[in-house]
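Given next are the chains, with one letter for each unit.
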Amino acid sequence: MPTSLKIRTPEEAVARIAYLSSDVIISVQAAQSIESEFSSHLRRYAGRRDKSLVAADNDGVPDIQTVRHNADPLLSVFTPIRNGKLVSVTTSSSILVSSVPHLYRLASLPVVIHVALRPVHYPDYLSITSIRNSGFTFLQSETLQEAQDLALTAHALAIKSGKGVIHFFDAGSSAQDNHIPFENSDVVSAILNLDLVKLYQANKIGGSSIYADNGRIATITETPAQSLPNTATGVENIPILPTDITADVPSKDSSVDSKSEREGSVMSKESASSATTVEPAPTVRPVTSDDIYKFVSTIWTQLQQSVGRSYAPFQYSGPLNAEDALFIFGSGVGAFAQAIDEAKAGDVYAKSGIITVRLYRPWLGSKLVEAIPKSIKRLAVLEQVRKKTTKWGPSLLDLLTTLKSGPGGGVETIIGYQLGYIAPETVQQALRGVFQNLRSKKPIQNLEVGNADGPTESLEAYKLTQPKVEHAYMKILDQIFGQRLYLANALGSNNAGISSIIASTPEFGFGALLARKEHRQRFVGEIQKASMSNEFITESPKNWLAKWAANANDDKKINELADDIIARLETDGSPLSQALLAKKGLFRKESSWLIGSDAWAYDLGNSGIHHVIASGEDVNMLIIDSTPYSERNAADATRRKKDIGLYAMNFGNAYVASVAVYSSYTQVLQAMIEADQFNGPSVVVAYLPYFKENDSPLTVLQETKKAVDLGYWPLYRWNPQNEGRGESNFSLDSERIKNELKDFLARDNHLTQLMKRHPKFSPNLSEDYGSEIRTLQKRKARDALDDLIACLLGAPLTIIFASDNGNAEALANRLYNRGKARGLKAIVMPMEDYPIEDLPTEQNLIAITSTAGQGEFPQNGRTFWEAIRNNIELDLATVNYSVFALGDSHYWPRKEDKHYYNKPGKDLDRIMANLGGKRLVEVGLGDDQDPDGYETGYQNWEPHIWQALGVDKVEGLPEEEPPITNEDIKLASNFLRGTIQEGLDDHTTGAISASDQQLTKFHGTYMQDDRDLRDERKAQGLEPAYSFMIRCRLPGGVSTPKQWIQMDDVSNDFGNETMKLTTRQTFQFHGVVKGKLKSAMRGINKALMTTIAACGDVNRNVMCSSSPTTSEYHREVYKCSQKISDHLLPSTTAYHEIWLKDENDKKTLVAGDAVQDFEPLYGPTYLPRKFKITIAIPPHNDTDVYAHDIGLISIKGRDGNLIGFNLLAGGGMGVTHNNKKTYPRTGSMLGYVSKEEVHIACEKVMLIQRDNGDRKNRKHARLKYTIDDMGLDVFRSKVEEIWGQKFEKPKPFKFQSNIDTFGWQKDENGLSHFTFFIENGRVEDTSDFPMKTGLREIAKIHKGEFRLTGNQHLILSNVADGDLPTMKEMMAKYKLDNYQFSGLRLSSSACVAFPTCGLAMAESERYLPELITKLEGVIEENGMRQDSIVMRMTGCPNGCARPWLAEVAFVGKAYGAYNMYLGGGYHGQRLNKLYRSSIKEDEILEIMKPLLKKYSLEREEGEHFGDFCIRIGIIKETTEGKTFHDDVAEEESDEE
C-alpha cells in the first residue's frame, strides 16, 4: 500500500479494521440510499474486491448487509454468527437503547459493534451508559489513532473471549487530529490470531430462532497444569489452542493521546489439542472480568511490541504530584488537556491531571486505583449524559463505588458535573468553574458545565419518509377507491397532539380504525332517526335516508345512493340536513387500510397481524416487503416478512393475498378489490424489492421477476368465505409455489385431493381453478346474515363513565347490560377513551361520573372534561343526553364548600345543555348519605331513562345475577386458591384478576400500581405500572440478624430496594412485579418467615410490646404472641402449593410445619372481615392496645413473671368519610384470662365474630360493630358459653405513654438496647443517609436480635457490653446514632399512601415530614423541642397508622386536603374528634402554630396536648366510638 495514502476519519479507520476482521458486516444506515460514515468506505473496498483476512466465503470478500436504522438491525446478526461467521456491526448510537433485548442475547457471542456516538459535535453518552450492564465488553477510543488500535483490539478480544464487544467513539473529538497511516496487515493478522478464527468458523452453534441462545454463556477452557487461563470460546465443546497470558503488566505514566502506558510481555505457544491429550482433563468455566483484562492486556502488549503504542483500562495524564484531576466521560478531552497544558501558574486548574477510560466495561476498579497518582485528593467527574435517569451520573457512581468503598488512595472529594457542549473559546472558563467548585469548602454536586442543549443539529436523515418506489401501491389504492380510501396511519397525517412517528405506526392506525368504525355505527342510527324526523324543509330527504338506512349493510347499495342523498340534503338546507352533511363522507362505505413497510412502519410483523386478525375487525392491511431475493435473504428466516401471508392464513378467518405490482398489475387490482369486499380482516402482502430507495423501476422489475419465477414470492389469493359458496378458498396466480405454502395447503382439508392431482401447479391450474374446486367441493352456503341484521335494529345508546373507586363504572356496565336486554345497541366506555369529535353525532348519550377531590372529575374523565368545558364549536342539537352523578352531600361540610357535592355531574349536565343537547332525563344525583347510598337516587333515575327511550314496557327481561361479593369469592376459591396460579402464569399483563386480588391478600400480598405514573403510562398506551406489596407475618416483631439480612436481600432482589417497617411490627416490601412475586415469597420462606394471613379476612400479625428494659418478661409475653399466632393460623395448603413448590413440584413447608387442606377454625368463607390482635406491656402502650379487635394487657405477678392478660375486645380504626354509620372504636374490657388459656380465649372471641359478624356489608363487618349491635354483656356471655369458662375481673394496670423511647437503654440482665428513629418506617439509602446499608452491616456482626416496634421504629436488642464499642462505631459511621429530633417528629407516624396505595386520597408518608419541619419552628420558639406530641397522618380514613388515637391527626380527604382531628389520649386510650374538615397546608399552619404557642403558655404541669385541647374547650371529648361523630367542632351543613 503506498505510504502517501492516509486515513482521515475514525469511521474510515474502523471500517478498514472491520472489513479485514469480519465474514459479515451489518451496515446500519438511515436509509438504503443514504450512506453512513462507515458504509461509503465498506462499499468501496467490496467494490474493488479487496480481501478480508478472515472471510471464508465469497473469495475472501466480506458480505456487507445494509439494514435501516429503524428495522431492528441487530436481528441480522443472529443467523450468520450462529453459522460460524464472524460478524461486525457499524452503526450510530441511535439504535442502541431500542436494541437492548438483542444485546443481552448477543453478549455471549463474538460480535463486534462499532458505534459512532450521536448527535455529531455534542454526542449523548446516555446511549452507552443505558446499556452498560448488557454483558458486552466496552472499549472507548478518543483519537484517530486510538480508533484504529481499539477497533483491532475489539475484534481480537471478541475472538479470544467469545463475548460481544462494543467499541464506541466520538468522531468530533478527533476532527483536528493528524492523518494516520493504514494498518499493517501482518500486525492485524498476528493480533487477531487466525488459528482461533478458523476454529470458530469450523463450528456452528445452530438453531433458527433468535431465542435459541437464551442462557448461553461464553466459556473458557483451562487445564490443571495451567495456572493461568487459556483462550476462551463462544462455541461450546470446541478444542482451543491455549495461550499463556502474563498477568503482571506494570503501569507507567501516560498521556491522554495514548503515549506509553503499559509495558509487559505475552508468550504465545501452541500446545497439544484436546483431541490428543489424555491427561490432565480440561475444565470449562464462564469468562470473568479478570479474563477480559488478561486478554486485553495480551492484545495491548502485542500492539506495544509491534507498533510502540501502549494502552491501559484507564489513562492518566498530568503531573505525578497533582492534587486535582478530571475524570472525563464525554467529548472534548483533547481541548481540556490542551488548556491545562497551556495554563498559567495562577490558574486554578494548573498542574491538574486528566483521567479517561479505555476499557469501560467490565469496570476494573483496581486498575483505576493504580492509574490515579496517590497525590490526588480531589476528583471532578465530567459526564456528557443528557436526560439522566438517576440523580447521580453513572460514572460518578462508578468512581464513588471504587474510591469510597475500597482502597481509593488519597482521593477525599469526588464531585460530579453534567458536561454540556463546550465551545472552543469557553474551555478555560469552564475549567475555572469546575475547579473553583471542586476546591470550595462545600462543593456542589451535579453542576452543569457548558450548554446542556448543545449546538443545533440536523436529523433530517432519520425522519420517516416513504420511499418513492413504494408510491406504486399507494397510487393503486387511490385509483381503485378514490374518495372512499382511508389510510389510517398515513405519513404526514394531522393528528392533534400525536407525533408523526406515533401516528404512522400500525398500532395507532388500528386504534383509529376501531374508533372510526364506532363513529359510523352511530351515524347509521342517526340516519334511521332522521328518516322519521319532521325537521326537514322538504320531504325528499326522508325517503332517500330511509332507503339508505334499509340498505346500511349493503356496501354497493349505499355507495350508489350516496350522491343522490347528498344532493337532496344540500337542496333541503334545513339545520338537520346541514348536520348530516357535516359527515357526508360516512354515506359511503370507506375502504380502510393499514400500511406496513420496512422503511417506515416495520413493526407490522407477525405480532401486529395477530392483533388485528384476532380482533376479527373489518380492517385491510397492506404490508410492503422490500427485501430483494437472494440466497442470503432466503436463508435468513429472522429477517423475512414473506411468510406473513402464511401466518395469516393459519387463522382461517382472514382474506390473504400475495401480490407483486411489477409481476401482475391486474392481480394486485383484483386482490385489493376482494380485500375491500371481504367482511373481516384482510392481509395483502405486496412485494417491491429494492436495494436503495431510489432504485430504478428496471432494477425492481428484475428482482421481482426472479423472485416470482423461482417461487420465492408466489402470487395467490386466499378467501375462506369462498367455502360457503362452494368455491375454492385458494387461487394460485403464479406458476411456482414455495414449499412452506405447499405444506400448508396439503394440511388444509379443502385442497388435499387437488394437491395430489396437480403437484406442479401449472399455469392452467390458476385459470380453471374455480370450476375445478366446485366439482371437488359440494358444500351448502351459510345463512347467518339475516340473524346478524336482526341484531342491529335497536336504537343506539352510548354510555360513558368516569370512575375512581369503581362505583360509577359498575353502574355504567349495569346500565349497558340492561340496555342491551331491552334491544338497544348499547356501547360503554370510559370518558378518556371517547373521541370528543364524535359527540355531535350521538343520538342518545348517558354520562355517569363520580366525584373526586374538591369537586373534580375522576382521573379517567379529566381529559374528556377539559375537551368539552370550553369548547364552543361542538353542536349537540341532535344529541339526547342525561347525566347521573355520584357524590356525598356531607363530604364537604363547610357551607362555602357545599357546591363540591356532585359538582362534576352537575357541571357536565350544564355544559351539555349549553351546547344544545336535549335532556332525556334531568340530572340524577346519587348521595352516599341516603339510606342505600347512591343506589337510592339511581333507582329513581334509571326508570325515566327507559321511559324516555321508549323501552320501559319491554317484557321477558332476563333475571340479573346478583353482584359477586367477597363472600362469594372466598367460598368459590377452594380454600384461597382461586385462579392465582393461572394469573401468575399469564405474562401478557402485570396484573391479576379482580377476584384473585381479593384472595392474594390472604397470602400476604396486595396488587398495586404506581399512581405517580398513571397519567404518563396512559398517554403512552400502556397499562398501569402494576406491582405488588408483600407483608410478612412476624409475631411480636422479633427478627434475627440473619433474617434482617435476608429481608434486605428480598427488597433488593425483588422489590424497590426499600423496606417498610409497618405499624403492625413487620416487614413490608413494595414494587415487586408479578414475575418476581413467587421468588420473593420463597426468599421470605427461606428466612423461616411467611406471609400467609398477613392480610385478608383472618387473624393477622399478632403484635407485642417491644419492652427493651424488661427482656426476660418480654420473652414470656412474646412467646404468648407466637402461641396465639400459630394457633389462629389458617390451615389451607393453597399457600404452599402456589408459592413454595420446589423444583420437583413438592410442597415446601414453612419452618417444617405440616398443614391440612381444611379450615377447622375459619371454614370455607373465613371471617367477615380482618381480625387484629395485639399485646401491650404496661406502662407502655406502644402497640395501641385499644385499637384492635383483641387487645391483651399483660399482667405481671408478684414474682415478676407473666401470669395472664386483661382482654379487651372490639377495637378498630376503619372509617368512611362522612358515613356516620362507620366509626373508630376503642376496645371494651371483657375481663382477665390466664396465660395458659389466652390463646383459647382469643379463639372463642374470633369464633363469635365469625358466626355473628355482618357478611353483607363489609363496612359494618368488623368486631366493633358486632359488639355494639349485640351489646357487650351479651357478647361476653356468648364467648364464655362456647369457651366453657368465665372471664375473671380485670387486674389493675397503668399506661404512661404509647411512643417509643429512643437511644440506649439497659435491661435487667445488663444487656443494652438501642432504639433507632426510622421516620415513618421507611428503610432506605439516600445520598445523605445510608440507613439501609448501615443496618445491614450492623446485622452482619450483631449477636442479639432486632425488634420492630408498633410505631414503625427499630430496636437493636441484647447487645453485650463487650460489643458496645463496635456497635457505637458502626452506628456513628452510618449516622444511625442520631435521634436528636424534635419530640413532635419522634412521636409521629404515617401510612404509605401515594404512590402505591390504591386507597390513598392524599399524601401521607411523603408529606408528614415536610409538615413537621414547618411546625418545628414554632415548637423551638416556645421551648417545646423535647415535648412529645403524638401526631399521625394517613392518606385515607381506613386508619392504617391508627390516626384516631393520636393527639393531633390529619386524614386525607382529597389531594392536598385533610380532615384535622384533636383530643386523642396520649396513652392511646381515647379517640380524638373532628376539628376541621378538608383543610390544606396553609390552613393547617394557621391553626397549629397559634395552638401550639397557646399550649406552651397555658398548659398545666404534666398536661399532654390532647388533654389540653379538651380542657380549654377547643374540642369535645370522645367517650366511645358511637359518639365519635357527635359534637364535632365544625358542624356539617345540609345547605346546598
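In case you missed it, the structure is sitting above this.
Q: What exactly am I supposed to notice about unusual backbone geometry here?
A: Most peptide bonds adopt trans geometry, and most residues besides glycine take a negative phi value. Residue R361 is joined to P362 through a cis peptide bond whose omega torsion reads 5°. In this fold, P362 is placed in the loop between strand 13 (359-361) and helix 11 (365-371). Backbone torsion omega between P1178 and P1179 reads 10°, so that peptide bond is classified as cis. Counting through the fold element by element, P1179 comes out in the loop between strand 36 (1173-1176) and strand 37 (1190-1196). Backbone geometry places N1218, a non-glycine residue, at a positive phi of 65°. With respect to the secondary-structure elements, N1218 resides in the loop between strand 38 (1202-1209) and strand 39 (1228-1234). Overall, the relative accessible area of 10% leaves N1218 in the buried class. The phi dihedral of A1393 is positive, around 55°, even though this residue is not glycine. Judged by relative accessible area, which is 2%, A1393 ranks as buried.

Q: Any chance you could explain the side chain of S1357 here in plain terms?
A: On the secondary structure map, S1357 appears in strand 44 (residues 1354-1359). Apart from residues lying up to four places away in sequence, S1357 is in contact with S1312, H1313, H1342, G1344, E1345 and R1347.

Q: Just to check I follow, could you spell out the packing of aromatic side chains for this structure?
A: Any pair of aromatic rings gets described here by the distance separating the centres and the angle formed by the planes. Enumeration over the complete set of coordinates arrives at 46 aromatic pairs. When the ring of F168 is compared with that of F329, the centres are 6.1 Å apart and the planes differ by 75°; the resulting orientation is edge-to-face. With F168 in strand 6 (residues 165-169) and F329 in strand 11 (residues 324-329), the pair connects residues that are 161 residues apart, well separated along the chain. Relative accessible area serves as the criterion here: at 0%, F168 is assigned to the buried category. Taking the relative accessible area as the measure of exposure, F329 reaches 0% and is therefore buried.

Q: Would you mind going over the packing of helix 43 (residues 1263-1270) against helix 44 (residues 1272-1283) with me for this structure?
A: The axes of two packed helices give the description: the angle between them and the distance between them. Between helix 43 and helix 44, whose axes approach to 6 Å, the crossing angle comes to 110°. The pairing of helix 43 with helix 44 is recorded here as roughly perpendicular in orientation. Contact residues: L1263, I1267 and M1270 in helix 43; L1272, V1274, F1275 and K1278 in helix 44. Classifying every residue of the contact of helix 43 with helix 44 gives 6 nonpolar, no polar and 1 charged.

Q: What exactly am I supposed to notice about the sheet that holds strand 41 (residues 1312-1316) here?
A: In a beta sheet, neighbouring strands are held together by backbone hydrogen bonds and run either parallel or antiparallel to one another. In spatial order, the strands read 32-43-44-41-40; together these 5 strands make up an open sheet with antiparallel pairing. Either end of the sheet is taken by a strand with one partner, and the two such strands are strand 32 (1038-1039) and strand 40 (1303-1306). Against the sheet, helix 45 (residues 1331-1341) touches strand 41, strand 43 (1345-1348) and strand 44, its axis set at about 140° to strand 43.

Q: Looking at this structure, how should I read the environment of D1126?
A: Looking at where D1126 falls in the secondary structure, it is placed in helix 40 (residues 1111-1127). D1126 sits in the exposed class, given a relative accessible area of 54%.

Q: Please clarify how the packing of helix 7 (residues 185-192) against helix 9 (residues 289-307) should be interpreted in this entry.
A: Remark: helix 7 packs on helix 9, axes separated minimally by 10 Å, with the N-to-C direction vectors making an angle of 155°. Between helix 7 and helix 9, the interaxial angle falls into the category roughly antiparallel. For the pair helix 7 and helix 9, the sense of crossing is right-handed. Across from V187, A190 and I191 in helix 7, the residues of helix 9 making contact are I299, Q302, L303, S306 and V307. Of the residues that constitute the contact of helix 7 with helix 9, the class distribution is 6 nonpolar, 2 polar and no charged.

Q: Help me out: how do you make sense of the sheet that holds strand 11 in this one?
A: Spatially, 6 strands are ordered 10-12-11-14-15-16 in an open sheet, and the strand pairing comes out mixed. The strands lining the two open edges of the sheet, one partner per strand, are strand 10 (314-317) and strand 16 (447-449). Direction aside, neighbouring strands of the sheet carry axes that sit 25° apart on average. As paired strands, strand 15 (residues 413-419) and strand 16 are joined by 3 bridges and run parallel to one another. Bridge assignment links L419 to a residue of strand 16, and that residue is V449.

Q: Hey, could you run me through helix 45 in this one?
A: Given 3.6 residues per turn, any residue in an α-helix points the same way as the ones three and four places further on. Taken together, the buried positions of helix 45 are M1331, K1332, G1334, L1335, I1338 and A1339. Taken down its axis, helix 45 places every buried residue within 160° of arc, on the same side.

Q: Explain helix 7 here, please?
A: Buried within helix 7 we find V187, V188, S189, I191 and L192. Looking at the buried side of helix 7, the elements it contacts are helix 1 (10-21), helix 6 (144-161), helix 8 (194-201) and helix 9. The opening residue of helix 7, the one whose side-chain oxygen lies 2.9 Å from the backbone nitrogen of D186, is N184. Taken from the residues just after helix 7, N193 is the one with a positive phi, measuring 65°.

Q: Sorry, what's going on with the environment of Q670 here?
A: One can find Q670 in helix 23 (residues 665-677). Between the C-alpha atom of Q670 and that of R717, which follows or precedes it by 47 residues, the distance is 9.2 Å. Not counting chain neighbours up to four residues away, the residues in contact with Q670 comprise Y655 and R717.

Q: Help me understand the pairing of strand 27 (residues 880-887), please; the structure alone is not making it clear to me.
A: Regular strands show a simple pattern: their side chains alternate between the two faces of the sheet. Burial of strand 27 is extensive: 8 of the 8 residues sit out of reach of the surface. Burial along strand 27 is two-sided: the face carrying N880, S882, F884 and L886 and the face carrying Y881, V883, A885 and G887 are both buried. The pairing of strand 27 with strand 28 (residues 918-919) spans 2 bridges and is classified as parallel. In the sheet register, N880 faces strand 28, and the bridge partner there is K918. Chirality of the crossover, the property in question, places the unit of strand 27, helix 32 (residues 903-914) and strand 28 among those that are right-handed. In terms of strand pairing, strand 27 meets strand 29 (residues 924-927) through 4 bridges, oriented parallel. In the strand pairing of strand 29, G887 is matched with D927.

Q: Help me understand the pattern of salt bridges, please; the structure alone is not making it clear to me.
A: Two side chains with opposite charge may pair up if their charged atoms get near one another. Applying the stated criterion across every chain, the model contains 67 salt bridges. E1403 serves as the salt-bridge partner of R1406, at 2.7 Å between the closest nitrogen and oxygen. A relative accessible area of 11% means that E1403 is categorised as buried. In this structure, the salt-bridge partner of R1499 is D1427, at a minimum N-O distance of 2.6 Å. Remark: D1427 occurs in the loop between helix 48 (1408-1421) and strand 46 (1431-1434) and R1499 occurs in the loop between helix 49 (1481-1498) and helix 50 (1505-1511); sequence separation between them is 72 residues. Through salt bridges with shared partners, a single ionic network connects E967, K970, D1097, R1255 and R1258.

Q: Help me out: how do you make sense of the environment of I911 in this one?
A: As for its position among the elements, I911 is in helix 32. It is 7.7 Å that separates the C-alpha atoms of I911 and I868, two residues lying 43 residues apart in sequence. In this structure, I911 is in contact with W865, I868 and R869, ignoring residues within four places of it in sequence.

What counts, and at which threshold
- Residues numbered from 1 in each chain as written.
- Predicted model: local features only at pLDDT ≥ 70, side-chain atom pairs only at ≥ 80, totals over all residues.
- Heavy atoms only, no water.
- Helix = DSSP H or I, 4+ residues; strand = E, 2+ residues; numbered from the N terminus.
- Buried < 20%, exposed > 50% of the residue type's maximum accessible area, 1.4 Å probe, protein only.
- Contact = heavy atoms within 4.5 Å.
- Phe/Tyr/Trp six-rings, centres within 6.5 Å; stacked < 30°, edge-to-face > 60°.
- Axes fitted to C-alpha atoms, helices over the stretch in contact; angles between N-to-C directions.
- Parallel < 35°, antiparallel > 145°, perpendicular 65-115°, else oblique.
- Nonpolar A, V, L, I, M, F, W, Y, C, P; charged D, E, K, R; others polar.
- Pairing = 2+ DSSP bridges.
- Left-handed = near helix turned anticlockwise from the far one by under 90°.
- Arc of directions from axis to C-beta.
- Polar contact = N/O pair within 3.5 Å; in protein donor to acceptor, adjacent residues only side chain to side chain.
- Right-handed = clockwise from strand over helix to strand, strands pointing away.
- Salt bridge = Lys/Arg side-chain N within 4 Å of Asp/Glu carboxyl O.

This is a description of form; function is not addressed.
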